[in-house]
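Each chain, letter by letter, is given below.
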Amino acid sequence: MTPLAIHAGLMFDGTNLSGPTTVLVEGGRITGVDTTGAPPPDGVDLIDLGADTFLMPGLVDPHVHLGFDAGLDPVTAFTAADDTELLARMRTAADRALRAGITTVRDLGDRDYLALRLRAEFGEGPEILAAGPPITTPGGHCHFMGGAAEGAAALRAAVRERHERDCAVVKIMLSGGNMTPGSPPPHESQYSPADLRVVVDEAHRLGLPVAAHAHGTQAIRDALAAGVDSIEHATFVTADGVDADPALLAAIAESDTFVSVTIGVVPGDSPLVLPPEVAKRVEAVHEALRSLYKLGARIVLGTDAGIMPVKPHDVLPYAIAQFTVEGPSPLEALTAATSLAARACGVSGRKGRIAVGADADLLAVTGNPLDDLDRLRDVRAVFRAGVRVR
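This one's a predicted model, so the numbers in the text were calculated from it and none came from an experiment.

> Any details on helix 7 (residues 246-254)? Residues and values, ideally.
Three or more residues of helix 7 are buried, namely Leu248, Leu249, Ile252 and Ala253. The buried side chains of helix 7 occupy one side of the element, clustering within an arc of 135 degrees when seen end-on. Exposed residues pointing more than 90 degrees away from the buried face of helix 7 are listed as Pro246, Ala247 and Glu254. Elements in contact with the buried residues of helix 7: helix 6 (217-226), strand 13 (230-237), strand 14 (258-260) and helix 9 (282-295).

Structure representation (structure tokens):
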């Protein structure tokens, strides 16, 4: 692969902002970052993206479902498709994410480990960090993905299978959810603290992080106590409302656990219609998120892409802008979707940064998104492992 020099007028490296910068790339990795204005070395192809271009690390989405089609009934579409159809749909979803500059996605629930198959076949697609079928109870949330397990022996075996198949993370449905007919509601826990501890201990023994789907307040409390690596959703719902206990919020903020808040919708002409039991809790959930931010919790932006029409697989740029409503600055929001998200996914140093040794996954947009985050959608170039894909 021919060495490249990529020049832009502004550069965000995942943490800090710089002026005119030239990034040197070879073999899919970043080999140099020059802010002095020096010309590139001889024999290096120069791509000058322009003085009005903002270069940044490729975005990282810690919570997607490539197998869901972002349609009106994603579960039926998922279960009705055979593996060939579903794999083709996942390929299209991944391509859509990549064209938006989302160069790394963490798929937190598929069927038959299809995300691993997609990862193996992709040449210039986004890097896929796959969980495989989420571990859930028989008849529990997303049981149709095939990950049902109960009892200590079965739970350990489930974790070991994911490790043997080279999954990047273990996903457990600690609470119920809204998408699975007949399953426990979101405020109810599906596993006991003891069962959860079995999963976490076995995963950590094998070097795998654990992402816990947790809507209910008790499930969130149990997830934190068990030492999961990320709490997904963290909506603090109860049977009739939201209970964001200040002591629990403070404990989350003081811990090393990441909170992956599944925000982000594409605005449209039609308002988002939420189920009544969800709609009545929305403002209280946002207030809990604002409190977590103020307390200094490690918040990243997992979008849950694919679960409904307003959450297509390129929704993350919208989520970054919408996150600032909760209090973060544009710089903090960009950090949450790059270097911090990479840390949450266990790929820190390799993803989410423009630094020597990191993967050459880059997004270039027109203008400065720190002045207007909508500029994140004005994509000028996307590079994946040093290859320009847009």
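> Describe the sheet that holds strand 10 (residues 127-130), with residues and values.
Taken together, 3 strands build an open sheet; the order of strands is 8-9-10 and the sheet is parallel. At either end of the open sheet lies a strand with only one pairing partner, and these are strand 8 (59-64) and strand 10. Neighbour-to-neighbour, the strand axes of the sheet open up by a mean angle of 20 degrees, direction not taken into account. Summarising the sheet, strand 8 and strand 9 (residues 102-107) pair through 4 bridges and their orientation is parallel. Its bridge partner lying in strand 9, Leu59 is registered against Ile102. Against the sheet, helix 3 (residues 114-121) contacts strand 9 and strand 10, and its axis sits at roughly 155 degrees relative to strand 10. Contacts from helix 10 (residues 316-323) reach strand 8 and strand 9 within the one sheet, and its direction differs from that of strand 8 by about 95 degrees.

> Can you tell me about the pairing of strand 1 (residues 4-8), naming the residues and giving the values?
Counting buried positions along strand 1 yields 4 of 5 residues, so the element is predominantly enclosed. Pairing between strand 1 and strand 6 (residues 45-48): 4 bridges, direction parallel. Residue pairing for strand 6: His7 is matched across the bridge by Asp48. Note that strand 1 and strand 4 (residues 21-26) share 5 bridges and pair antiparallel. Within the sheet, the bridge partner assigned to Leu4 lies in strand 4 and is Val25.

> I'd like to hear about the packing of aromatic side chains, residue by residue, with values.
The description of an aromatic ring pair rests on the distance of the ring centres and on the angle between the ring planes. Going through the model one piece at a time under the given rule, you end up with 3 aromatic pairs. Judged by centre distance (5.7 Å) and plane angle (65 degrees), the ring pair of Phe78 and Phe144 falls under edge-to-face. Separated by 66 residues along the polypeptide, Phe78 in helix 1 (residues 74-80) and Phe144 in the loop between strand 10 and helix 4 (152-164) bring together distant segments of the chain. Comparing Phe78 with Phe144 shows no difference in burial state: the two are buried. One aromatic cluster is present, built from ring pairs that chain together Phe68, Phe78 and Phe144. Against the face of Phe78 rests Arg111, its NZ or CZ located 5.4 Å from the ring centre. The lysine or arginine in question, Arg298, covers the ring of Phe258, its NZ or CZ lying 3.9 Å from the ring centre.

> Can you tell me about the nonpolar core, naming the residues and giving the values?
Judged by nonpolar contacts, the single largest core of 93 residues is most densely connected at Leu66, Ile135, Phe236 and Ile320. The dominant element in this core, judged by the number of residues it contributes, is helix 2 (residues 83-99), at 7 residues. Every residue in contact with Leu66, bar those within four places of it in the chain, is listed here: Arg89, Met90, Ala93, Ala94, Val105, Asp107, Leu118, Ile128 and His313. Listed in part, the 17 residues of the second largest apolar core include Val23, Leu55, Leu362 and Ala381.

Quick notes on the rules
- Residues numbered from 1 in each chain as written.
- Predicted model: local features only at pLDDT ≥ 70, side-chain atom pairs only at ≥ 80, totals over all residues.
- Heavy atoms only, no water.
- Buried < 20%, exposed > 50% of the residue type's maximum accessible area, 1.4 Å probe, protein only.
- Helix = DSSP H or I, 4+ residues; strand = E, 2+ residues; numbered from the N terminus.
- Arc of directions from axis to C-beta.
- Contact = heavy atoms within 4.5 Å.
- Pairing = 2+ DSSP bridges.
- Axes fitted to C-alpha atoms, helices over the stretch in contact; angles between N-to-C directions.
- Phe/Tyr/Trp six-rings, centres within 6.5 Å; stacked < 30°, edge-to-face > 60°.
- Lys NZ or Arg CZ within 6 Å of the ring centre and 35° of its normal.
- Core = buried A, V, L, I, M, F, W, Y, C linked by side-chain atoms within 4.5 Å.

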